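Chain residues, written in single-letter form:
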Amino acid sequence: MVKEVERAGIPVVHICTVVPISLTVGANRIVPAIAIPHPLGNPALDPAEEKALRRKIVEKALNALTVEVTEQTVFEK
Amino acid sequence: MGKLRIVHYINQFFAGIGGEEKADHKPEVREGALGPGLAIQAGFGGEAEIVATVICGDSYFGENMEEAKAAVLEMVKGYSPDLFIAGPAFNAGRYGVACGAITEAVQAELGIPALTGMYIENPGADMYKKSVYIISTKNSAVGMKDAVAAMVPLAKKLVSKEVIGAPEVEGYLPRGVRKNYFADKRGSERAVDMLLKKLKGEEFETEYPMPDFDRVPPNPAVKDLSKAKIALVTSGGIVPKGNPDHIESSSASKYGKYDIDGVYDLTVDTYATAHGGYDPVYANLDADRVLPVDVLRDMEKEGKIGELHRYFYTTVGNGTAVASSKKFAAEFSKELVADGVDAVILTST
Amino acid sequence: MDLENQKRVKDMAEKYGAENVVVLIGGAEAESAGLAAETVTAGDPTFAGPLAGVPLGLKVYHAVEPEFKEAVDAGVYDDQIGMMEMVLDVDAIVAEVSAMRNQHTKY
């Protein structure tokens, strides 16, 4: 799906846990997520901390959208 | 030579430990054959025995690849097997990636003949078919018998270091290897034969199938987030509670488009996941964990982004055919463009 | 056949004796009916459940098979199954399930 959105001309960032899969399917902007059942969360944290964690990942993703890239790029910590 | 000693790798489900709720199972090893191992062992007809079965949860492997690989390698090493077999994984994505990764590691680092099996669309297939032999299987465990029937002969050849034939003959996924051979007719004759067939509208077989690169170059970056309209898309199956459009939990035949105008937070009463390929408990309690509406709404209020698009698109990535997800996305991307969306955040589980 | 049902069938065969158990299937599709029949006779062909490698060899029938239809009250059968009988691919179902029974049922 990532490629089709990109093909339509819209910059897209993929937040996903298994980064090698994202690379294989051809996403250009990739942000690693927390875990498979909760990519943007962590039930072990209290709600406020969890939301802060989610915010950090979303900020990283939005930031990735503002960075010019020429090839597949993983935006790590 | 006595019986061949095999170590087999399977996931938590085929080991009978549990389903998605046990996908975080750490690597463990048990003596003898388990689950599909019984079929594999039977397939060797007394010539081989599975001396040990290594089990690892699919999510644990996916989230801790390096540690899991290292732990599994240690376990395999301990048995000094003649052969290593992983899976078959069919269309289970995380399982296929794990099987491919561990088969490659055993082959490269322990020098033991190794192979695995999975469906051609399994993400693990594209990732590992170049480095390891992957038997091509059906897309579900219904194909177990056929998978084993193909894995056993190839395994025997790998152990006895026989020449491995072409993919169509041995049943593995093409690895991109080119082998020179002498043909009966010279190239120009074969080319003319092919052209004649093509002109007559007859079937012909190309000697060189073009590889499917299909990479899409990245689009230019967003210049100003504070003015940008951001849309959310997910393969994690987040839907309004009750799944009104009945998106399937696996092999989805459709996608959903839902209106979050006025929605600032996804809650246990209003949204859930339809996805059957991961433990749904966390997403059901708070769907923001897969589709981060709450955080994006905050950022919208603070002016950090221009606007969160009122519609989000969702489907279930579990075993959904590549062609289907391509079709869905091509369709809804047109709407995203028409709606003036500047960028998309796509989340996957 | 899902794992829970596999376990139930296995437990019942153990409790009552395999020769005293008959499995009656009601699934709507020939392929899945055949798989269920195979599971309780030759063992789970997907090797994912408790009956992996466990060939119970039980007697198994599908509700639309003549053996079952003739053994029950015609009126009740018509009430409960008549409608489905018209919609299902009965021939395909009978073929799949009886094939498994003929090949693998021990009793």
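Higher on the page you've got the structure.
Described in the following lines is the structure provided in the data block. Owing to the predicted nature of the structure, the values given are computational and were not obtained by experimental measurement. (Residues numbered from 1 in each chain as written. Chains lettered and ligands numbered in written order. Predicted model: local features only at pLDDT ≥ 70, side-chain atom pairs only at ≥ 80, totals over all residues.)

## Digging into the overall build of chain B
So, point 1. Along the backbone of chain B there are 11 helices and 13 strands.
So, point 2. When the backbone C-alpha atoms are referred to their principal axes, chain B occupies close to 70 × 60 × 35 Å.
So, point 3. Within chain B, the proportion of its 349 residues that are buried is 48%.
So, point 4. In chain B, 72% of the contacts between residues at least 6 apart in sequence involve partners at least 24 apart. (Helix = DSSP H or I, 4+ residues; strand = E, 2+ residues; numbered from the N terminus. Buried ≥ 20, exposed ≤ 12 C-beta atoms within 10 Å, placed from the backbone. Contact = placed C-beta atoms within 7 Å.)

## Quick notes on the pairing of strand 2 (residues 29-32) of chain A
All names here are of chain A.
So, point 1. One ladder, built from four bridges, connects strand 1 (residues 12-16) with strand 2; its direction is parallel. Its bridge partner lying in strand 2, Cys16 is registered against Pro32.
So, point 2. The parallel pair strand 1 and strand 2 is bridged by helix 2 (residues 19-25), and the resulting crossover is right-handed.
So, point 3. Bridging between strand 2 and strand 3 (residues 73-74) involves two bridges; their strand directions are parallel. Bridging from a neighbouring strand, Arg29 pairs with Thr73 of strand 3.
So, point 4. Handedness of the crossover joining strand 2 and strand 3 through helix 3 (residues 47-66): left-handed. (Pairing = 2+ DSSP bridges. Right-handed = clockwise from strand over helix to strand, strands pointing away.)

## Structural notes on the interface of chain B and chain A
So, point 1. Across the boundary between the two partners, chain B contributes 50 residues, which contact 44 residues of chain A.
So, point 2. Listing elements by their share of the side of chain B that touches chain A, those giving two or more residues are helix 2 (58-63), helix 4 (93-110), helix 5 (123-128), helix 9 (281-285), helix 10 (293-301), helix 11 (322-338) and strand 13 (343-347) of chain B.
So, point 3. Take the side of chain B that touches chain A: its biggest share by element is nine residues, from helix 11 of chain B.
So, point 4. Among the residues making up the side of chain B that touches chain A, the classes are represented as 28 nonpolar, 10 polar and 12 charged.
So, point 5. In terms of strand pairing, strand 1 of chain A meets strand 13 of chain B through four bridges, oriented parallel. Looking across to strand 13 of chain B, one finds that Val13 of chain A is bridged to Ile345 of chain B. (Nonpolar A, V, L, I, M, F, W, Y, C, P; charged D, E, K, R; others polar.)

## Observations concerning the nonpolar core
So, point 1. Counting residues in each nonpolar core, the largest one holds 143 residues, and the members touching the most others are Ala61 of chain A together with Met151 and Val344 of chain B.
So, point 2. There are two domains that each give this core at least three residues, and those are domain 1 (4-170) and domain 2 (225-347) of chain B.
So, point 3. Those residues within four positions of Val344 of chain B in sequence are excluded, and the remaining contacts are Val5, Ile10 and Val12 of chain A together with Ala231, Val233 and Leu336 of chain B. (Core = buried A, V, L, I, M, F, W, Y, C linked by C-beta atoms within 7 Å. Domains from an automatic or database assignment.)

## Topic: the packing of helix 3 (residues 65-79) of chain B against helix 4 of chain B
All names here are of chain B.
So, point 1. It is at 10 Å that the axes of helix 3 and helix 4 come closest, and there the two elements cross at 55 degrees. Considering their axes alone, helix 3 and helix 4 lie oblique with respect to each other. When the axes of helix 3 and helix 4 are compared, the crossing they make is right-handed. Residues Met65, Lys69, Val72, Leu73, Val76 and Lys77 of helix 3 touch helix 4, and the partners they reach there are Ala101, Ile102, Ala105, Val106, Glu109 and Leu110.
So, point 2. Residues of the contact of helix 3 with helix 4, tallied by class, amount to nine nonpolar, no polar and three charged. (Axes fitted to C-alpha atoms, helices over the stretch in contact; angles between N-to-C directions. Parallel < 35°, antiparallel > 145°, perpendicular 65-115°, else oblique. Left-handed = near helix turned anticlockwise from the far one by under 90°.)

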